[in-house]
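Chain by chain, the residues:
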Amino acid sequence: MKTKVSIIGAGHVGATAAHLIFQSGLADIVLYDIMQGTPQGKALDLMEAAPLWGISSSAFGTNDLADTAGSAVVVVTAGLPRKPGMSRDDLLLANKEIITNVVGETSRISPECIFIIVTNPMDIMTHVAWKASGFSPQKVMGMGGVLDASRFRTFIAMELGVSPQDVEAMVMGGHGDLMVPLPRFTTVKGVPLPELLPHERIEELIRRTRNGGAEIVALLKTGSAYYAPAASVFEMVRSIVLDQKRVLPCAAYLNGEYGVSGFFVGVPVILGGKGVEKIIELRLTDGEKAEFTKSAASVKELLENQRLT
Ligand SMILES: NC(=O)C1=CN([C@@H]2O[C@H](COP(=O)(O)OP(=O)(O)OC[C@H]3O[C@@H](n4cnc5c(N)ncnc54)[C@H](O)[C@@H]3O)[C@@H](O)[C@H]2O)C=CC1
Ligand SMILES: O=C([O-])CC(=O)C(=O)O
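Residues numbered from 1 in each chain as written. Chains lettered and ligands numbered in written order. Predicted model: local features only at pLDDT ≥ 70, side-chain atom pairs only at ≥ 80, totals over all residues. Heavy atoms only, no water.

Brief notes about the sheet that holds strand β10 (residues 187–188)
Consider a sheet: its strands pair through backbone hydrogen bonds, and that pairing is either parallel or antiparallel.
In step 1: Overall, antiparallel pairing links the three strands, which are arranged β7-β10-β11 in an open sheet. Strand pairing shows two members of the sheet lacking a second neighbour, β7 (167–168) and β11 (191–192), which therefore form its edges.
In step 2: The pairing of β7 with β10 spans two bridges and is antiparallel. Across the sheet, the residue bridging to E168 is T187, located in β10. (Pairing = 2+ DSSP bridges. Helix = DSSP H or I, 4+ residues; strand = E, 2+ residues; numbered from the N terminus.)

A closer look at the site of ligand 2
In step 1: Lining the immediate surroundings of ligand 2 are R82, R88, N120, L147, R151, H175, G213, S224 and A225.
In step 2: Protein contact buries 95% of the 270 Å² of open area that ligand 2 shows by itself.
In step 3: Taken together, the residues of the shell around ligand 2 sort by class into two nonpolar, four polar and three charged.
In step 4: There are two domains that each give the shell around ligand 2 at least three residues, and those are domain 1 (4–144) and domain 2 (145–305). (Near = heavy atom within 4 Å. Areas by Shrake-Rupley, 256 points an atom, 1.4 Å probe, with all protein chains shown as cover. Nonpolar A, V, L, I, M, F, W, Y, C, P; charged D, E, K, R; others polar. Domains from an automatic or database assignment.)

Brief notes about the pairing of strand β14 (residues 275–279)
In step 1: Sheet analysis places strand β13 (residues 261–272) next to β14, joined by four bridges and oriented antiparallel. Residue pairing across strands places V269 opposite I279, the latter belonging to β14.
In step 2: Between β13 and β14, which pair antiparallel in sequence order, lie two residues.

Describing the domain arrangement of the protein
In step 1: Here the protein is partitioned into domain 1 (4–144) and domain 2 (145–305).
In step 2: Centre-to-centre, using C-alpha coordinates, domain 1 lies 21 Å away from domain 2.
In step 3: Counting from both sides, the interface comprises 36 residues of domain 1 and, opposite them, 49 residues of domain 2.
In step 4: Carbon and sulfur atoms supply 75% of the area buried between domain 1 and domain 2, which totals about 3,500 Å² over both sides.
In step 5: Of all residues in domain 1, R88, D123 and G144 give up the largest surface area on contact with domain 2, accounting jointly for 18% of the area buried on that side.
In step 6: Counting across the interface, domain 1 meets domain 2 through zero salt bridges.
In step 7: Taken together, the connections running from domain 1 to domain 2 amount to seven residue pairs in polar contact (both at pLDDT 80 or more). (Contact = heavy atoms within 4.5 Å. Buried area = accessible area lost by both parts, 1.4 Å probe. Salt bridge = Lys/Arg side-chain N within 4 Å of Asp/Glu carboxyl O. Polar contact = N/O pair within 3.5 Å; in protein donor to acceptor, adjacent residues only side chain to side chain.)

A few points about helix α5 (residues 122–133)
In step 1: Here α5 spans 16 Å end to end across twelve residues, near enough to the 16 Å set by a 1.5 Å rise per residue.
In step 2: Where burial is concerned, most of α5 is hidden: ten out of the twelve residues are buried.
In step 3: Every buried residue belonging to α5 is among M122, D123, I124, M125, T126, H127, V128, A129, W130 and S133, and all of these are buried.
In step 4: Against α4 (92–109), β5 (114–117), β6 (140–142), β12 (246–255), β13 and α10 (286–305) lie the buried residues of α5.
In step 5: Downstream of α5 by one or two residues, G134 has phi in the positive range, about 70°. (Expected span 1.5 Å × (residues − 1). Buried < 20%, exposed > 50% of the residue type's maximum accessible area, 1.4 Å probe, protein only.)

A look at the pattern of salt bridges
In step 1: For the structure shown, the criterion picks out eleven salt bridges.
In step 2: Across the pair R207 and E204 runs a salt bridge whose closest N-O atoms are separated by 2.8 Å. Separated by three residues within a single helix, R207 and E204 lie in helix α7 (residues 199–210), roughly one turn from each other.
In step 3: Its relative accessible area of 33% is what places E204 among the partly exposed residues.
In step 4: The salt bridge partner of E277 is K245, with a shortest N-O separation of 2.6 Å. Pair noted here: E277 is in strand β14 and K245 is in the loop between α9 (227–241) and β12, with a separation of 32 residues, a long-range link.
In step 5: Accessibility expressed as a relative area gives 39% for K245, which makes it partly exposed.
In step 6: Beyond isolated ion pairs, a larger network of salt bridges with shared partners links E235, R238 and R246.

What follows is the structure in structure tokens.
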């Protein structure tokens, strides 16, 4: 039997992630949503592409969470996206209840699963999901850093006129305006970024990366990004299902690492079959550490305001 990956929320990010995972043949997909007919229609549409893609996996759509039983990975994308003028944090109250309910129920149905939380504000929702699941923090993580790093890589590749696949980047901190792109840990075929671009240009690319989600929201007007977010989800799911042990920035529970304890924030981790297998501690300069601490503090403040710690 194939590995089962369930996707909660069959909207833009959820359906696009389902498409990528299904088309790769990595796993059987269950797509769940509260909207009657939406997950069924999208899953059937994927199945009807299987002959053309040469895929023998299955895609199944449902309005019944019981159908997600036995999932190895559960990706949570259910909830509201933001509109122009909103911050990710403005989604907190609406999405908190959705995450508490779906993760509470899914964790009982698939007690062995690993959760990847996408719903915004993602760092906070990952904490909410962890509490609702009662799982070890190793099995709960949030997607943000892979996307933020991919945006930074894209902007660097556009600036230098090189292939984006030759650009590696690290972005730490919360998935919000205070995220911390790290030029010293960003390279083009091994060459550190500060050797390739002047400081002011790098700062400009960092600004664009921090604003990357809002830039798309302003263009789309009715919702937020989904192709790059779904591709980021796919990279994380693949690393878990194939036990690849990729080094990826994810929102992970910190227990003293980087001077942070008791909540989730973006750091580089080793991602494998057991979930977050190791948190990698980079040696940051005082300036980098200060930026990370500020970003983490903003996540903590929101958690405390909502009495979620
Ligand atoms: N962490 C990240 O980097 C990113 C996070 N996001 C976040 O992901 C979330 C989803 O975004 P989109 O897919 O664009 O939104 P969308 O509106 O296209 O899809 C959301 C889906 O969730 C469903 N839903 C609502 N309540 C539900 C419930 N109780 N159970 C199951 N499904 C439910 C809706 O029916 C809808 O189909 C948003 O909160 C957005 O801000 C989006 C992009 C990147
Ligand atoms: O901007 C948003 O609201 C969605 C998101 O998190 C992103 O695209 O980075």
